[in-house]
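Topology and contacts: notes
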Amino acid sequence: MPGDTVPAWAPKAALVGGTAALIVTLKYLSSKKTVEGGGVKKEVKAGGGKHESHEAGISVKASQVHQVAEYIADAGAKWDAKVKAEDVNKVGELSKYLAFQGEYKTSFAARPDVGEGVLVKVTDWKLLTPEDYDRTCFHVEFDIAGTSIEHLCNGAHGTALSVYSTNDAKKVQEFLQAMKLDPQAVVPVDEIAPQEEDGMTVLTTVEKLFTQYLDLFGKPTREFLKKLFPYAVDIQEKVAIAELTLERKMEDFQDRQARALTFADYFLEFPSLKIPVEKYAELVPTIKQRVYSICSSTDYRPGKCQLLVVREDWQAKGGDTKYGLCSSFLTFVRSGQWCVAHSTHSVMHMPEDKSVPVFMAGLGTGLAPFRAFVEQRRHEKSKGITVGPLTLFFGGRYSKAEYYYRDEFELYEREGLVKCCNAWSRDTSKKVYVQHKIMEEDEAIWRDLGREGSKGAFFLCGSKQPEKDVFAAIARDLPGQGRPVRGAGPREDGRAPGGGALRDGGLLS
Ligand SMILES: Cc1cc2nc3c(=O)[nH]c(=O)nc-3n(C[C@H](O)[C@H](O)[C@H](O)COP(=O)(O)OP(=O)(O)OC[C@H]3O[C@@H](n4cnc5c(N)ncnc54)[C@H](O)[C@@H]3O)c2cc1C
Ligand SMILES: NC(=O)c1ccc[n+]([C@@H]2O[C@H](COP(=O)([O-])OP(=O)(O)OC[C@H]3O[C@@H](n4cnc5c(N)ncnc54)[C@H](OP(=O)(O)O)[C@@H]3O)[C@@H](O)[C@H]2O)c1
């Protein structure tokens, strides 16, 4: 095909099939009714589509279709329209479904295996910790206007965003090269993506399969090794893999886990493995969602969803520093990039009564939902609603490095919206934790939480570790109030001894 006479559908075909930057997969309806065109004959079966709907306005299905179209237009505009013949030829099989889209009912989807997932565009990314600091904590914003999750992402309602990351494209490329897998080869992913209609087939390229679907750099289990060993051709390798699944080799296997070996490492370690490309989807699980508390209020920032994220790192046995998948993905996304996400309910919800006092203890990124709480109250105040006092106990390591959203909180303090009681654990030789700051506020806590009939609420979010100490700090005897608070635990109804509500934010260890 001459380079400058490509048919109209060809650029899109090359875009979908041959460009790593694109994150859409192709779906088409296969046979029953014969269609003809350009030498392609295919049976097409008509099917009754099952479209999900969502209570909150726009249906998930409509939103998915709309966002994919936006994405293709966006990515297409940045893409060089002069398609080379070799690129078009590479997409081979895919191109016929694109050439005869009507007949094949061809459509595009991003992670069709994630029912609720919609493509959302990143609109802001800011580093919150200093460049030379040993932790990477950042702020990232998504444009959710007009999507099915537009009204489901209010952090003040305790909502979190489930993010589906992709694997590092360069690492995938190196893996495919080492395994001698053709990145442009087309593979069916019906195994992963359930069929929406009878006869519907989902295709993607090998490159996308390994970049967007399979958790190639995740942590393998022994079940994986049980499925892997039959693919080894060399008998010694077969035995070596099989042995790792035995109880007596448990220590060896655990050592491998401590060294953070990944699925990719195992595939590369045993050169005699002969795995048909479509079988990888049976061996490696798909990339699962990671949940992030939303740190913004959609009433305060319509159409936006913001996250406060710390990049996960750990020291593997042997000394290598390893990084978490999704927090790393979010570390490197920038405005203009897209990813698949949906909203997820959390347990934290601001009290319905806007006048009740709210205490919030956020440790590290556990600050996230409380920024949304403060934004929500600021929005309500701007509408003339009477809002109750807010007290924030933020626990971070160093005031210079980890005071996230400092300017905002200082402004809100000046406005009298919130009182910030920060606990910096590493500023001095003495550990200062949120529980110490909570004890300094005992009068207010007694008044709004402990006293009979008080209506205040206390929320805690962050790692699970401080839970007991924080509760003890709230529930300890309150000096000068003439009445000790009973017990060290919450009442059975989940309220503080005097009546105020104690909530914790789905704490993590
Ligand atoms: C309700 C909720 C809200 C949350 N909100 C926030 C938030 O607002 N901000 C925030 O930053 N985080 C938040 N998190 C945490 C977030 O969901 C992720 O857990 C976190 O970002 C780590 O994910 P990751 O993909 O980067 O790491 P993963 O890749 O999932 O790694 C996690 C851990 O798994 C182990 N691991 C991974 N791969 C291997 C391997 N190959 N071998 C051995 N071990 C391995 C390591 O111990 C590693 O530390 C929240 C979690 C929950 C449940
Ligand atoms: N459930 C949710 O909605 C949600 C939302 C956001 C984040 N999270 C989770 O919260 C965790 C936060 O991690 P992070 O790295 O951001 O926080 P971090 O920096 O590890 O901890 C924050 C602060 O807590 C201090 N701390 C440690 N032990 C304590 C204790 N026993 N009592 C009181 N304070 C203590 C730390 O001090 P030192 O280290 O100096 O001792 C540090 O100053 C992550 O696991 C994240 O997944 C959950």
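Residues numbered from 1 in each chain as written. Chains lettered and ligands numbered in written order. Predicted model: local features only at pLDDT ≥ 70, side-chain atom pairs only at ≥ 80, totals over all residues.

Taken in spatial order, the 6 strands line up as E10-E7-E14-E5-E6-E11 in an open sheet, and their pairing is antiparallel. Edge positions in the open sheet fall to strand E10 (290–293) and strand E11 (304–310), since each of these has one partner strand only. The average undirected angle you get between the axes of adjacent strands in this sheet is 40°. Relative to E11, strand E6 (residues 137–143) runs antiparallel, the two being bridged by 7 bridges. Across the sheet, residue Cys 137 finds its bridge partner in E11, namely Val 310. Its contacts with the sheet place helix H13 (residues 325–332) against E6, strand E7 (160–164), E10 and E11, and it is angled at close to 115° to E11. (Pairing = 2+ DSSP bridges. Helix = DSSP H or I, 4+ residues; strand = E, 2+ residues; numbered from the N terminus. Axes fitted to C-alpha atoms, helices over the stretch in contact; angles between N-to-C directions. Contact = placed C-beta atoms within 7 Å.)

To continue, consider the site of ligand 1. Surrounding ligand 1, one finds 25 residues, the nearest of these being Lys 219, Ala 260, Gly 324, Cys 326 and Ser 327. Residue assignment for the shell around ligand 1 shows that the elements contributing at least two residues are E10, E11 and H13. (Near = placed C-beta within 6 Å.)

On to the packing of helix H6 (residues 169–178) against helix H7 (residues 206–213), then. With their axes 10 Å apart at the nearest point, H6 and H7 run at an angle of 130° to one another. The orientation of H6 with respect to H7, classified from their angle, is oblique. Along this stretch, H6 crosses H7, giving a crossing that reads as right-handed. Here Ala 169, Val 172, Phe 175 and Leu 176 of H6 come into contact with H7, specifically with Val 206, Glu 207, Phe 210 and Thr 211. (Parallel < 35°, antiparallel > 145°, perpendicular 65-115°, else oblique. Left-handed = near helix turned anticlockwise from the far one by under 90°.)

A word on the environment of Ala 185. The topology assignment puts Ala 185 in the loop between H6 and strand E8 (186–188). Considered as a pair, Ala 185 and Val 206 are 21 residues apart in the sequence and their alpha carbons are 5.6 Å apart. Once you skip the residues sitting within four places of it in the chain, Ala 185 turns out to touch Thr 205, Val 206 and Val 277.

The next subject is the site of ligand 2. Taken together, 26 residues sit near ligand 2, with Gly 364, Thr 365, Ser 425, Tyr 433 and Pro 466 positioned nearest. Residues belonging to the shell around ligand 2 are distributed by class as follows: 9 nonpolar, 14 polar and 3 charged. (Nonpolar A, V, L, I, M, F, W, Y, C, P; charged D, E, K, R; others polar.)

Here the protein averages 83 in pLDDT, and 77% of its residues register 70 or above. Low pLDDT (under 50) marks residues 31–55, which in the prediction has 56 contacts with non-local residues, meaning those over four places away or in another chain. Counting contacts from residues 477–499, a segment whose pLDDT is below 50, to residues more than four positions away or on other chains yields 44 contacts. (pLDDT = per-residue confidence, 0-100.)

Turning next to the environment of Arg 111. Mapped onto the secondary structure, Arg 111 falls in the loop between strand E4 (107–109) and strand E5 (118–127). C-alpha separation for the pair Arg 111 and Ala 193, spaced 82 residues apart in sequence, amounts to 7.7 Å. Non-local contacts of Arg 111, meaning those with residues more than four positions away in its chain, are made with Gly 117, Tyr 164, Gln 212 and Val 340.

Turning next to the pairing of strand E15 (residues 358–363). E15 sits mainly inside the fold: 6 of its 6 residues count as buried. Covered by surrounding structure in E15 are Val 358, Met 360 and Gly 362 together with Phe 359, Ala 361 and Leu 363, the residues of both alternating faces. Note: E15 against strand E16 (residues 390–396), 6 bridges, orientation parallel. The residue of E16 that forms the bridge with Val 358 is Leu 390. Once you follow E15 into helix H14 (residues 368–382) and on to E16, the crossover reads as right-handed. Bridge count for E15 against strand E18 (residues 457–461) is 5 bridges, and the pairing is parallel. Considered in E18, the bridge of Ala 361 is made with Leu 460. (Buried ≥ 20, exposed ≤ 12 C-beta atoms within 10 Å, placed from the backbone. Right-handed = clockwise from strand over helix to strand, strands pointing away.)

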